[in-house]
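Chains, contacts and geometry: an overview
Here are the chains, one letter per residue:
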Amino acid sequence: MGDNGRVTVGIVGASGYGGVQLVRMLCEHPNVDLVYLGGDSSAGKPYGDIYPHLAHRIDLTVEPIDIDTIASRCQVVFLGLPNGLAYKMAPQLLEKGCQVLDLSADYRLTDLNVYKDWYGGDDRDDRDVLAKAVYGLPELYRDRILETNLIACPGCYTTTSLLAIAPLLKQGLIDPDTLIIDAKSGTSGGGRQGKINLLLAEAHNSLAAYGVTSHRHTPELEQVCSDLAGHEVKVQFTPHLIPMVRGILSTVYATLRDPGLVREDLRTIYSVFYQNSPWVRVLPNGVYPQSKWACGTNLCYIGLEVDARTDRVIVMSVTDNLIKGQAGQAVQCLNLMQGLDETLGLPKLAFYP
Ligand SMILES: NC(=O)C1=CN([C@@H]2O[C@H](COP(=O)(O)OP(=O)(O)OC[C@H]3O[C@@H](n4cnc5c(N)ncnc54)[C@H](OP(=O)(O)O)[C@@H]3O)[C@@H](O)[C@H]2O)C=CC1
Ligand SMILES: CC(=O)N[C@@H](CCC(=O)OP(=O)(O)O)C(=O)O
């Protein structure tokens, strides 16, 4: 941050869903000067032509991606690009002194061989840079985020699910082998670029699982769950596409080690765990979260239940996949990296009732 208390920021991939949420929030951020928007097919277009509802607020044109230009103007750069592009840009930006927040998966997996198994990128060999990346989930890694210049922003399913699971694993309350994550996402989770399954005609009035046993968020979930548990954890993760635009509901099931625990106990444990986390709300007993409550906000709402008949805990967690699940969480990390209050510039109130 400059001596004037302001930070110059650029967004690469500004035309995408993550990009436009970043623009929306950073335009209103009290410490940010948005000075660069970059893109590929959108380069050369005034931003207000791509998103006319923002034309009155932002007067920038999307520029071709040029590292020297970006580094000469920006102290901080957000990369909102498809997987496999950030690792080709981030090392040069870091070298030139920028802080980088990558919204893609490129820096999330700490083992490059695991990354290559799930994402490809056989030419990739940037282990030194990868070693500097910090997983950008502030509720779990706040201290480390304060000390890095490279943030690997988590995926939307992983953010929502890990916030539901973390207290259980960190405190050894469940048998990790029994962990099942059943998650449901709106279609904006697939981004703005056309895909047949995301068409209204395909997704409307329908509900289906996909990536069963093979979704690429599985190794990301297992990496963080293993870190939290202190030993290797395998996760059964099943995502579903549901006919709505924004939001994720993640329902987590696991067997409790102590069958004597009741939901009041767990609620106390969760409330203490998240007492310094302004973006996590643990709901009162018997209240289960609805995805619309988080829509448009950086909040994650968590509801808890215990089934005394099966000795299982059931944790339900909701976020807006584009805000806490993506762009909002990145802004939360920016705030921490700049020594600012982590709530600055982030939406708190949902669109809906
Ligand atoms: N959508 C979601 O809910 C979440 C997404 N993510 C991740 O965040 C990242 C961005 O996602 P999202 O915003 O949904 O993506 P979108 O598909 O909406 O946007 C992609 C952006 O990348 C740019 N782009 C595409 N190809 C290239 C290229 N070859 N060179 C340069 N720029 C390119 C596009 O620019 P142009 O239009 O100019 O071509 C566009 O601005 C992805 O890695 C995604 O996996 C993470 C969490 C949640
Ligand atoms: C509904 C939908 O398609 N969702 C996306 C998840 C978006 C995301 O977080 O992807 P990254 O890990 O690549 O950043 C998917 O399942 O691929």
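Residues numbered from 1 in each chain as written. Chains lettered and ligands numbered in written order. Predicted model: local features only at pLDDT ≥ 70, side-chain atom pairs only at ≥ 80, totals over all residues. Heavy atoms only, no water.

Close to ligand 2 lie 14 residues; Arg108, Tyr210, His215, Arg216 and His217 are nearest. Contact distances for ligand 2 include 2.6 Å between an oxygen atom and a side-chain N or O atom of Arg108. Relative to its unbound accessible surface of 440 Å², ligand 2 loses 86% to contact with the protein. Considered class by class, the residues forming the shell around ligand 2 number four nonpolar, eight polar and two charged. (Near = heavy atom within 4 Å. Polar contact = N/O pair within 3.5 Å; in protein donor to acceptor, adjacent residues only side chain to side chain. Areas by Shrake-Rupley, 256 points an atom, 1.4 Å probe, with all protein chains shown as cover. Nonpolar A, V, L, I, M, F, W, Y, C, P; charged D, E, K, R; others polar.)

Moving on, we get to the site of ligand 1. Around ligand 1, the structure places 29 residues, and the nearest of them are Ser15, Gly18, Ser41, Ser42 and Leu81. Within the side chain of Ser15, a nitrogen or oxygen atom sits 2.5 Å from an oxygen atom of ligand 1. Between Arg192 and ligand 1, the recorded distance is 2.8 Å, taken from a backbone N or O atom to an oxygen atom. Contributions of two or more residues to the shell around ligand 1 are made by helix 1 (17-27) and helix 13 (323-337). Its residues placed into classes, the shell around ligand 1 shows nine nonpolar, 17 polar and three charged. (Helix = DSSP H or I, 4+ residues; strand = E, 2+ residues; numbered from the N terminus.)

All right, on to the UniProt feature "active site" (unreviewed entry) in the chain then. Annotation from UniProt places "active site" (unreviewed entry) at Cys156. Among the structural elements, Cys156 can be located in helix 8 (residues 156-170). Aside from chain neighbours lying at most four places away, what touches Cys156 is His217, Ile248, Asn321 and Gly325. (UniProt positions renumbered as here; feature names shortened; annotations may be inferred. Contact = heavy atoms within 4.5 Å.)

This part is about the UniProt feature "domain: Semialdehyde dehydrogenase NAD-binding" (unreviewed entry) in the chain. The positions that UniProt labels "domain: Semialdehyde dehydrogenase NAD-binding" (unreviewed entry) are, in the present scheme, residues 8-148. Secondary structure content for residues 8-148 is 38% helix and 18% strand, and the end C-alpha separation is 18 Å.

This part takes up the environment of Gly325. Among the structural elements, Gly325 can be located in helix 13. Gly325 gets classed as buried once you look at its relative accessible area, which sits at 2%. Contact partners of Gly325, with chain neighbours within four places excluded, come to Pro154, Gly155, Cys156, Thr159, Thr319 and Asp320. (Buried < 20%, exposed > 50% of the residue type's maximum accessible area, 1.4 Å probe, protein only.)

A few words now on the nonpolar core. Ranked by internal contacts, the top residues of the largest apolar core, which has 84 residues, are Leu26, Tyr47, Phe78, Leu179 and Leu266. For this core, the element with the most residues is helix 8, which contributes nine residues. Apart from the residues lying within four places of it in its own chain, the contact partners of Leu266 are Leu168, Leu173, Leu256, Leu261, Leu304, Val306 and Val313. Counting 27 residues, the second largest nonpolar core, distinct from the first, contains Tyr36, Ile70, Cys74 and Val100. (Core = buried A, V, L, I, M, F, W, Y, C linked by side-chain atoms within 4.5 Å.)

All right, on to the pairing of strand 1 (residues 7-12) then. Most of strand 1 is tucked away: five of the six residues are buried. When strand 1 meets strand 2 (residues 32-39), the two strands line up parallel, connected through six bridges. In the sheet register, Val9 faces strand 2, and the bridge partner there is Leu34. Viewed along the sheet, the connection from strand 1 through helix 1 into strand 2 turns out right-handed. (Pairing = 2+ DSSP bridges. Right-handed = clockwise from strand over helix to strand, strands pointing away.)

As summarised here, the arrangement of the seven strands in space is 9-10-8-11-14-13-12, forming an open sheet in which the pairing is mixed. The open sheet is flanked by strand 9 (208-209) and strand 12 (280-282), the only strands paired with a single partner. Sheet strands touched by helix 8: strand 8 (180-185), strand 10 (236-241), strand 11 (248-255), strand 12, strand 13 (300-307) and strand 14 (312-319). Its angle to strand 11, the strand with the most contacts, is close to 35°. (Axes fitted to C-alpha atoms, helices over the stretch in contact; angles between N-to-C directions.)

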